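A closer look at the structure
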Amino acid sequence: METRFVCKKPRVCLLWGCTYLPTPQVSERRDPHPTRMQMPQGNPLLLSYTLQELLARDTVQVELIPEKKGLFLKHVEYEVSSQRFKSSVYRRYNDFVVFHEMLLQKFPYRMVPALPPKRVLGADREFIEARRRALRRFINLVARHPPFSEDVALRLFLSFSGPDFLPADIQTQFAVSRELIRNVYNSFHKLRDRAERIAARAIDNAADLLIFGKELSALGSDTTPLPSWASLNSSTWGSLKQALKGLSVEFALLADKAAQQGKQEENDVVEKLNLFLDLLQSYKDLCERHEKGVLHKHQRALHKYSLMKRQMMSAAVQSREPDSVEQLESRIVEQENAIQTMELRSYFSLYCLHQEMQLVHVYLPLTSHILGAFVNSQIQGHKEMSKVWNDLKPKLSFLFAGPNSSLTPPRCPRDGVSPH
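Reading guide: rules and limits
- Residues numbered from 1 in each chain as written.
- Predicted model: local features only at pLDDT ≥ 70, side-chain atom pairs only at ≥ 80, totals over all residues.
- Heavy atoms only, no water.
- Helix = DSSP H or I, 4+ residues; strand = E, 2+ residues; numbered from the N terminus.
- Buried < 20%, exposed > 50% of the residue type's maximum accessible area, 1.4 Å probe, protein only.
- Contact = heavy atoms within 4.5 Å.
- Areas by Shrake-Rupley, 256 points an atom, 1.4 Å probe, with all protein chains shown as cover.
- Expected span 1.5 Å × (residues − 1).
- Phe/Tyr/Trp six-rings, centres within 6.5 Å; stacked < 30°, edge-to-face > 60°.
- Lys NZ or Arg CZ within 6 Å of the ring centre and 35° of its normal.
- Core = buried A, V, L, I, M, F, W, Y, C linked by side-chain atoms within 4.5 Å.

Once that is clear, we can look at the overall build of the protein. For the protein, the helix and strand inventory stands at 10 helices and three strands. Beginning at the N terminus, the succession of helices and strands in the protein can be written as α-α-β-β-β-α-α-α-α-α-α-α-α. Across the 420 residues of the protein, 35% fall into the buried class. Long-range pairs, those at least 24 residues apart, make up 73% of the contacts in the protein between residues at least 6 apart in sequence. When the accessible surface of the protein is split by element, carbon and sulfur atoms take 56% of a total near 26600 Å².

With that settled, consider helix α3 (residues 93-106). Spanning 14 residues, α3 covers 20 Å between terminal C-alpha atoms, matching the ideal 20 Å at 1.5 Å per step. In terms of burial, α3 is a largely internal element, 11 of the 14 residues being buried. Buried within α3 we find Y93, N94, D95, F96, V97, V98, F99, H100, M102, L103 and K106.

With that settled, consider unusual backbone geometry. The backbone of K86 sits at a positive phi, close to 50°, despite the residue not being glycine. Mapped onto the elements of the fold, K86 is located in the loop between β2 (77-82) and β3 (87-92).

With the rule as written, the count across this model stands at nine aromatic pairs. For the pair F99 and F157, a centre-to-centre distance of 4.5 Å together with 5° between the ring planes defines the contact as stacked. With F99 in helix α3 and F157 in helix α6 (residues 152-159), this pair connects stretches of sequence that are 58 residues apart. Each member of the pair F99 and F157 is classed as buried. The interplanar angle of 40° and the centroid separation of 4.9 Å between the aromatic rings of F212 and F251 together place this pair among those described as tilted. With a gap of 39 residues between them, F212 in helix α7 (residues 170-220) and F251 in helix α8 (residues 234-318) connect regions that are remote in the sequence. Residue class for F212 comes out partly exposed when judged on its relative accessible area of 46%. Each member of the aromatic cluster is reached from another via a ring pair, and the members are Y78, F96, F99, F138 and F157. If you follow R131 out to its NZ or CZ, it ends over the ring of Y93, 4.6 Å from the centre. Stacked on the ring of Y185, the Lys or Arg K284 has its end atom at 4.1 Å from the ring centre.

It is worth spelling out the nonpolar core at this point. If you look at the biggest cluster of nonpolar residues, it comprises 27 residues, and the most contacted ones within it are F96, F99, F138 and I139. At the level of elements, β1 (60-64), β2, α3, α4 (125-144) and α6 are the ones that each hand at least two residues to this core. For this core, the leading source of residues is α4, giving seven residues. Apart from residues no more than four positions distant in its own chain, F96 is found in contact with Y78, V80, R91, L115, L135, F138, I139 and F157. I181, V269, L279 and V360 belong to the second-largest nonpolar core, a separate cluster that totals 24 residues.

So far we have only geometry, and geometry alone does not tell us how the molecule works.
Structure follows, in structure tokens:
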């Protein structure tokens with residue numbers, strides 16, 4: 001399944017520089033696009049495009065830029081002009097490489113055209129011109145491909161041109177955000193554990209109440225005959241057993257109310273806490289992938305590049321053979337290209353982290369929903385159980401009735417326990 005980006009009035013964003021996409025809103029409602037929610041008309045296995053329609057989607061020109069940039073070997077830049085977006089942007093070969101890799105990752109089951117090969121040294125005019133034509137063929141095939149042409153990555157690759165999109169202190173912001181999410185995650189993890197225990201206690205309480213009522217029913221159903229020297233006459237004991245047997249119904253109802261409260265707390269409190277914890281964990285995992293992946297590779301590439309430069313300076317001082325110097329120069333240029341590609345990926349990774357952090361903050365108000373569900377569960381549960389207890393209380397009056405039918409609640413002088 002292809003990845004789709006749906007955004008409202010998008011501002012430009014991509015590896016090559018971008019402004020920010022709109023901050024996502026949980027409560028924001030969007031009318032579903034009819035072509036995305038409904039089955040296409042006709043046979044879905046047939047591609048309903050003609051050649052003329054595909055060619056009319058866009059025509060992209062790729063022209064060489066006279067100015068060249070680079071440290072050891074001058075890099076070729078291209079002016080990429082899109083007829084569809086009425087835009088003209090500057091791109092380098094490495095930009096095409098990153099864009100190509102993104103297409104392969106997002107559309108693994110689609111035909112992604114191949115890029116022309118990279119040539120490090122000795123790129124003559126014939127090679128440069130052949131590569132320019134190949135890049136033009138590549139970008140036109142992509143721009144006219146039905147799924148690719150509707151993807152935000154293509155639009156931004158063809159239309160964005162501007163200054164760096166990330167704030168200067170993005171690394172500091174990343175470190176602060178990661179520490180904040182770590183602390184929030186730890187707190188919510190403890191809240192989730194306590195909420196689980198509270199819900200479990202309610203369910204255990206339900207089981208205890210049910211067993212309590214069953215034991216009262218068993219006591220009331222006892223058929224053992226009274227001995228002749230019993231202090232209570234048989235009629236009183238029979239009436240008392242009948243009252244005890246009837247109490248099991250109320251205790252079963254109490255058990256049912258307690259179980260409902262426990263289940264409600266599991267669904268409305270524990271589950272929402274788990275949902276938020278899953279979101280926080282995904283951000284933590286993203287930070288770890290950034291540091292262990294793109295950032296770590298970028299730092300290693302920079303270290304390797306600095307070693308190569310030292311070797312180059314040493315070779316120049318020692319006046320080594322031209323062939324060895326040329327080989328070292330070729331490796332340095334290749335490493336420089338790799339570093340520039342990694343920098344693009346690192347910037348895009350930081351941009352994504354910045355956006356994902358905003359998404360986490362959008363979910364933060366879920367805390368109030370969780371607390372509200374917890375409070376409502378406690379109020380409703382205690383209210384319903386209180387009603388059952390109050391209905392049960394009048395039925396206990398017969399248990400405390402003496403021989404003359406007057407209430408004589410029992411007392412125990414040794415432990416001071418009151419029947420109330």
